[in-house]
Amino acid sequence: DQQVKQNSPSLSVQEGRISILNCDYTNSMFDYFLWYKKYPAEGPTFLISISSIKDKNEDGRFTVFLNKSAKHLSLHIVPSQPGDSAVYFCAASVLLGGGNEKLTFGTGTRLTIIP
Amino acid sequence: SAVISQKPSRDICQRGTSLTIQCQVDSQVTMMFWYRQQPGQSLTLIATANQGSEATYESGFVIDKFPISRPNLTFSTLTVSNMSPEDSSIYLCSASRGEITDTQYFGPGTRLTVL
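Residues numbered from 1 in each chain as written. Chains lettered and ligands numbered in written order. Predicted model: local features only at pLDDT ≥ 70, side-chain atom pairs only at ≥ 80, totals over all residues. Heavy atoms only, no water.

We now examine the overall build of chain A. Regarding its fold elements, chain A presents zero helices and eleven strands. Secondary structure elements of chain A occur, N-terminal to C-terminal, as β-β-β-β-β-β-β-β-β-β-β. For 115 residues, the compact-globule formula gives about 13 Å, and the C-alpha radius of gyration of chain A, at 14 Å, lands near that figure. Counting only C-alpha atoms, chain A reaches 45 × 30 × 25 Å along its principal axes. Relative to its 115 residues, chain A shows a buried fraction of 44%. Look at the contacts in chain A between residues 6 or more apart in sequence, and 55% of them connect residues 24 or more apart. (Helix = DSSP H or I, 4+ residues; strand = E, 2+ residues; numbered from the N terminus. Rg over C-alpha atoms; globule rule 2.2 N^0.38 Å. Buried < 20%, exposed > 50% of the residue type's maximum accessible area, 1.4 Å probe, protein only. Contact = heavy atoms within 4.5 Å.)

See the structure below:
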């Protein structure tokens, strides 16, 4: 059972425009959400996160929106740049006592920025 | 942040053999994890590597197949035992300091091909 789903395996966006990556989850116990970016032959790199007590978190060109009632989150990148071309993974966790974050990952969306 | 290195970066192995992957963190961390990313799939948690005690395995993963060691706060190994072609994957180590909302940092991964 895929508890974290990224239904778009790929996305192409023109440079300078907004990229919107989507993620849905089924486990209502998830209370912390993260986005990771992965380049080929490298490990995932943390991008931005959001706690379930918030509905928006912004960091520079990256904004994550959380809609708890819909169990949906999205990552907005604006303006999109060629260096943003990568695979983006959505991840979710249940924060247990002691900070033991067990991350459940989505299958990833390959973002291609077209110059 | 934490810088994580893995050895080897890639290997091609024969069926029935074993491979040990090393993970080194540049600073002391509380939590270390091992993930697997099979072709075209998301990252799946194999186990949490506990310092000084047996690893905690996720459903579907067992110690006999994936023995893990963690002798100190900066180092861990994962062994893939009695390999079959189905074990061909990228294996990733991650680490966090274990505080609530602390980010997990990932190593570059080990690409394993089993013939």
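Gaps between atoms show up when a probe of the same size as a water molecule is rolled over them. Considering only enclosed or pocket space, the second largest pocket measures out at about 420 Å³ in volume. Every element with two or more residues in the lining of the second largest pocket is listed here: β9 (86–93) and β11 (109–114) of chain A together with β9 (89–96) and β11 (110–114) of chain B. If one sorts the elements of the lining of the second largest pocket by residue count, β11 of chain B sits on top with three residues. For the lining of the second largest pocket, the per-class residue count stands at nine nonpolar, ten polar and three charged. (1 Å grid on protein atoms, 1.4 Å probe; cavity = no way out; pocket = protein on both sides within 12 Å on 5 of 7 lines; lining within 4 Å. Points joined across faces, edges and corners; volume = space filled by probe spheres on them. Nonpolar A, V, L, I, M, F, W, Y, C, P; charged D, E, K, R; others polar.)

This part is about the sheet that holds strand β8 (residues 72–77) of chain A. Residue and element names in this part refer to chain A. What the five strands build is an open sheet, ordered β1-β3-β8-β7-β6; its pairing is antiparallel. Two strands in the sheet have a free side with no partner beyond their single neighbour: β1 (4–5) and β6 (56–59). In this sheet, β8 lies alongside strand β3 (residues 19–25) in antiparallel orientation, the contact comprising six bridges. Along β8, the bridge assignment pairs L21 with L75. (Pairing = 2+ DSSP bridges.)

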